[in-house]
Amino acid sequence: NFLTRHGHELSEAEGTYLRRAKKMNPCKLPCFRMSLKAHKSPWKMRPIECCAGTFMNNLSCWLDYWFQKLKHLIPSYIKDSSALIQQLHSLGNLPPNARLGTGDA
């Protein structure tokens, strides 16, 4: 498992945090459910996996902590909508046929 293979690479505090999390939630599995997207036509279902109270939740929090430290290395990272608007304004005048696209994963 992860802790056995990589425990020597973790700080003492990280190892303690993850070992305690694993001990508290050794076998609890995430709950899977579906959410209806009724505003779509035809209706669609969105899968939801709830990890609250599982080891996966604690592992996700630990990973998020470290990923937050890396985001400044990603040139395309935009902090929030205010930063996006500021960047768009800094472009100056755009051609009339310019388009802005968005995506959602």
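Description of the structure in this document.

Each value, and the rule that gives it
Residues numbered from 1 in each chain as written. Predicted model: local features only at pLDDT ≥ 70, side-chain atom pairs only at ≥ 80, totals over all residues. Heavy atoms only, no water. Helix = DSSP H or I, 4+ residues; strand = E, 2+ residues; numbered from the N terminus. Rg over C-alpha atoms; globule rule 2.2 N^0.38 Å. Buried < 20%, exposed > 50% of the residue type's maximum accessible area, 1.4 Å probe, protein only. Contact = heavy atoms within 4.5 Å. Pairing = 2+ DSSP bridges. Phe/Tyr/Trp six-rings, centres within 6.5 Å; stacked < 30°, edge-to-face > 60°. Lys NZ or Arg CZ within 6 Å of the ring centre and 35° of its normal. Patch = residues over 30% accessible without salt bridge, like charges linked within 9 Å, V, L, I, M, F, W, Y side chains within 5 Å. Areas by Shrake-Rupley, 256 points an atom, 1.4 Å probe, with all protein chains shown as cover. Salt bridge = Lys/Arg side-chain N within 4 Å of Asp/Glu carboxyl O. Disulfide = S-S within 2.5 Å. Expected span 1.5 Å × (residues − 1). Arc of directions from axis to C-beta.

### Examining the overall build of the chain
Across its full length, the chain holds 4 helices and 2 strands. Each helix (α) and strand (β) of the chain, taken in turn from the N terminus, gives the series α-α-β-β-α-α. The globule rule puts the C-alpha radius of gyration for 105 residues at 13 Å, and the 21 Å found for the chain is more than 25% above it. Counting only C-alpha atoms and orienting by the principal axes, one finds that the chain spans roughly 60 × 40 × 20 Å. When each of the 105 residues of the chain is scored for burial, the buried share is 12%.

### Topic: the environment of Arg 19
The residue Arg 19 is located in helix H2 (residues 12–24) in this model. Judged by its relative accessible area of 48%, Arg 19 is partly exposed. Separated by 40 residues in the primary sequence, Arg 19 and Leu 59 have C-alpha atoms spaced 10 Å apart. Among all residues touching Arg 19, those that are not within four sequence positions of it are Leu 3 and Glu 12.

### Some remarks on the pairing of strand S1 (residues 31–37)
Note: S1 against strand S2 (residues 44–50), 7 bridges, orientation antiparallel. If you follow Lys 37 over to S2, its bridge partner there is Lys 44. The turn joining S1 and S2, which pair antiparallel and follow one another in sequence, is formed by 6 residues.

### Notes on the packing of aromatic side chains
Following the criterion strictly, the structure yields 1 aromatic pair and no others. The ring centre of Trp 66 lies 5.9 Å from the NZ or CZ of Lys 69, which sits over that ring.

### Here we look at a nonpolar patch on the surface
Taken together, the side chains of Leu 63, Phe 67, Leu 70, Leu 73, Ile 74 and Tyr 77 present a nonpolar region at the surface, about 570 Å² in accessible area. Checked against the element boundaries, Ile 74 lands in the loop between helix H3 (55–68) and helix H4 (81–90). Owing to a relative accessible area of 45%, Ile 74 belongs among the partly exposed residues under this scheme.

### So, the state of the cysteines
In the structure shown here, the tally under the stated rule is 0 disulfides. Cys 61 takes part in no disulfide bond, and the closest cysteine sulfur to it belongs to Cys 51, at a distance of 10 Å.

### Quick look at H2
The α-helix advances 3.6 residues per turn, and as a result positions three or four apart in sequence lie on the same side. With 13 residues, H2 ought to run about 18 Å at 1.5 Å a step, and its terminal C-alpha atoms sit 18 Å apart, in line with that. Here H2 has its buried residues at Glu 14, Gly 15, Leu 18 and Ala 21. Buried residues of H2, viewed axially, fall in a sector of 135°; they line one side. Exposed residues lying more than 90 degrees from the buried face of H2 are Glu 12, Ala 13, Arg 20, Lys 23 and Met 24. Residues of H2 that are buried sit in contact with helix H1 (2–6) and H3.

### Regarding unusual backbone geometry
Glycine aside, residues mostly have negative phi, and peptide bonds are mostly found in the trans state. Here the amide bond leading from Ser 41 into Pro 42 is cis, since omega sits at 0°, within 30 degrees of zero. With respect to the element layout, Pro 42 can be found in the loop between S1 and S2.

Read these as layout, nothing more, since geometry by itself doesn't imply function.
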